[in-house]
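Chain and residue survey
Chain by chain, the residues run as shown.
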Amino acid sequence: MSFVSGGHGRKVCSHLAWGGQTFDGPALMRQAGIAIRPDPPAGSQTPDIQVNGITGTGQGREGVTRSRTWQFANNLSWIKGRHTFKFGADVRRLNTTDITSFFSGDDMGVFAFNGQFTGQSFGDFLLGVPLQTQLANTGADVDGLTYHYGLYAQDDWRVSRKLTLSYGIRYELHPMFYDRALTTTNFDRAFPGPGARIVLANEEARKFTSPAFAASIGATPIVLAKDVGLPETLRFNDYNNFMPRFGFAYRPFANNKTVIRGGYGVYTATVLGSVFYTITGIHVSDARTFPNQLVNGVPALQFPRPFGTGLGALGVPDFRRGTQWDGADPYTQQWNLTVERELPWQTSFRFTYSGSRSIKLFSSPDLNQVPANNQGFAAARVNRPYPVWNVVYVRDPNTGAWFNSFMGELHKRFSRGLFFQSSYVWAKNLSNATGSDGTGFASENGTTPTDRFNQRLDYGNVPATRRHRFLTTFTWDLPLTNLVKGNKAADLLVGGWQLSGILLWQSGQFLTPTTGNVTDPSGTGVATRANNRPDYTGQSYGNLASDQRTVTAFWDRGAFSIPGLGLPNNGAIGRFGYVGPGSL
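Only a predicted model underlies this, so the values are computations on that prediction, with no experimental measurement involved.

The rules behind these values
- Residues numbered from 1 in each chain as written.
- Predicted model: local features only at pLDDT ≥ 70, side-chain atom pairs only at ≥ 80, totals over all residues.
- Heavy atoms only, no water.
- Pairing = 2+ DSSP bridges.
- Helix = DSSP H or I, 4+ residues; strand = E, 2+ residues; numbered from the N terminus.
- Contact = heavy atoms within 4.5 Å.
- pLDDT = per-residue confidence, 0-100.
- Phe/Tyr/Trp six-rings, centres within 6.5 Å; stacked < 30°, edge-to-face > 60°.
- Buried < 20%, exposed > 50% of the residue type's maximum accessible area, 1.4 Å probe, protein only.
- Salt bridge = Lys/Arg side-chain N within 4 Å of Asp/Glu carboxyl O.
- Axes fitted to C-alpha atoms, helices over the stretch in contact; angles between N-to-C directions.

The next subject is the sheet that holds strand 4 (residues 48-51). Pairing is mixed in the open sheet, where five strands are placed in the order 4-7-8-17-20. Every other strand in the sheet has two partners, leaving strand 4 and strand 20 (316-317) as the edge strands with one partner each. Note that strand 7 (residues 110-113) and strand 8 (residues 132-137) share three bridges and pair antiparallel. For Phe111, the partnering residue across the bridge sits in strand 8 and is Thr133.

Structural data, given as structure tokens:
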């Protein structure tokens, strides 16, 4: 059996407008007297104003994201005796296009206020004195193309009437996207020098280098992929994606009412557009960060001149982002064991243990971060390894996750007018791949760690995995006709009624309190990359007694203190140490 499929496309349009009118961000900026580029990208866009404790305004600029996939797949099955052999191949042509973007405000700017000057973030906003600002003059859009390949072989062997084995192997190759728009750039971290070395795909790509970008990095070398032994995709292929699989099913008793199943397998995570998008747009754009400070008692940056004298003056260039070009593809080891038993009354019970270990998940550390110190960031930042840059963000496969769960399930097949299925799951999912205070699962391209030198600081419960979860679904044919036997009219009225329902009870998400980065006790400039966490005061662990919780006071705020303000503390908290409200 074989098949060919293709022509699959997906188009996502981001557009900000109301009343049928596109929001004109450039006009707003000019009206406020803030200088921006004379030729901003077309479409709706807004500046991102971030006042600590208030929802920001940034929506990202208008753009269209398209993905197209053509696929050829061929599968062959061969039955020989007690063996069923399966072989197959899968080839996919992947194309993705997108706008170039660095942060939410991009060409309109990002303006962060945290109370550094007045003690109140909104006070700083009213005076127009930001903590820092960011501005990007974005370049050409992205046009990525790649081919992915997969092969597999599998054998299902019925060893006996009681035992069946399944084993096989799969191989996959996921080359990095090649950008036909030639906007990709990578960072050579091993090269000695204050700006390390910039790597472009080829000589044609060099022609698209933004003059402002080239001027901002001074004498930092710009070389080509061939000069450092890289392919023009700027990332080596991982040829080690061999994935063995094994499973079994065993019936230990002659009545065949009990089955034991188990399995183990390795699964490679497909590296798609997010990691590719990481290295696009850098040398064809100019993205800068403008830190604010007092000069002779006066803030250096203040509206309507939040960027000082503009790009090229105060701004320090950002490298957003490179990727570890010899990094492996992420992969997961998964295993499970199930015992299933058929019970009387058309019911069955199943108990399952499942586990997994995710390895080499991506994170996005700042290579320019300084180690924790007692000097303070203002003094320590002069020791950054790459002083030409403000930040050097990269995507490195250096985090992981552990998952374990137990599930009990009772199932009744529909009989005598009743069906139900009830399950209880206990799960524990630990990871350091979701950053300082992430609220979901790890993404394909990872998040920025609190401290790249100590990633165990971010190791904790994954918030989206609930510790306890009970779910019941049922359907019941109401026996109302038994009450009106012999009455055809009443039978027509009350017959055929059915009651169905779903009951879900689960514990809350794991939550992490943050401080708003009003202090920087580690001296590493944590506000540039993560959300700082408070200290314990020693009074409690933050959870109020159940009879003291209200909608407006679920936590004991007295359990926490902002580090560095001289308040009592009993050590920094970990990540995701608290459980939010459950649901029913």
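Further remarks concern the environment of Pro317. Its location among the elements puts Pro317 in strand 20. Linking Pro317 and Trp389, residues 72 residues apart in sequence, is a C-alpha distance of 5.3 Å. When sequence neighbours within four positions are dropped, the list of residues in contact with Pro317 reads Ser216, Ile217, Ala287, Arg288, Val388, Trp389, Asn390 and Val391.

Here the focus is the confidence of the model for the chain. Taken as a whole, the chain shows an average pLDDT of 86; of its residues, 89% reach a score of 70 or greater. Under a pLDDT of 50 for its full length, residues 1-7 has, in the predicted model, 19 contacts with residues more than four places off or in other chains.

Bringing the packing of aromatic side chains into the picture now. How two aromatic rings sit relative to each other is given by the distance of their centres and the angle of their planes. If you walk through the whole model with that rule in mind, you get 18 aromatic pairs. Ring geometry for Phe111 and Phe303: centres 5.3 Å apart, planes at 50 degrees, overall tilted. Here Phe111 is found in strand 7, whereas its partner Phe303 is found in the loop between strand 19 (298-299) and strand 20, with 192 residues between them in sequence. You can call Phe111 buried: its relative accessible area is 1%. Each ring, one from Tyr171 and one from Phe242, has its centre 4.7 Å from the other, and the planes form 45 degrees; the classification is tilted. In this pair, Tyr171 is assigned in strand 10 (residues 163-173) and Phe242 in strand 15 (residues 242-250), connecting sequence segments 71 residues apart. Aromatic ring contacts, followed pair by pair, group Phe111, Phe113, Phe122, Phe125, Phe290, Phe303 and Phe307 into a single cluster.

Below, the discussion takes up the pattern of salt bridges. Per the stated rule, a full pass over the model turns up 14 salt bridges. A salt bridge links Arg180 to Asp143; its shortest N-O distance comes to 3.2 Å. Here the residue Arg180 occupies a position in the loop between strand 11 (178-179) and strand 12 (185-188), and Asp143 occupies one in strand 9 (residues 142-158), the gap between them amounting to 37 residues. If you follow the salt bridges from partner to partner, you end up with Arg261, Glu340, Arg350 and Glu409 in one network.

As a further point, take the sheet that holds strand 14 (residues 222-224). On the basis of which strands lie adjacent, the open sheet formed by three strands has the order 12-13-14 and mixed pairing. Because the sheet does not close on itself, it has two edges, and the strands there are strand 12 and strand 14. Put simply, the sheet's adjacent strands are angled 35 degrees from each other on average, direction ignored.

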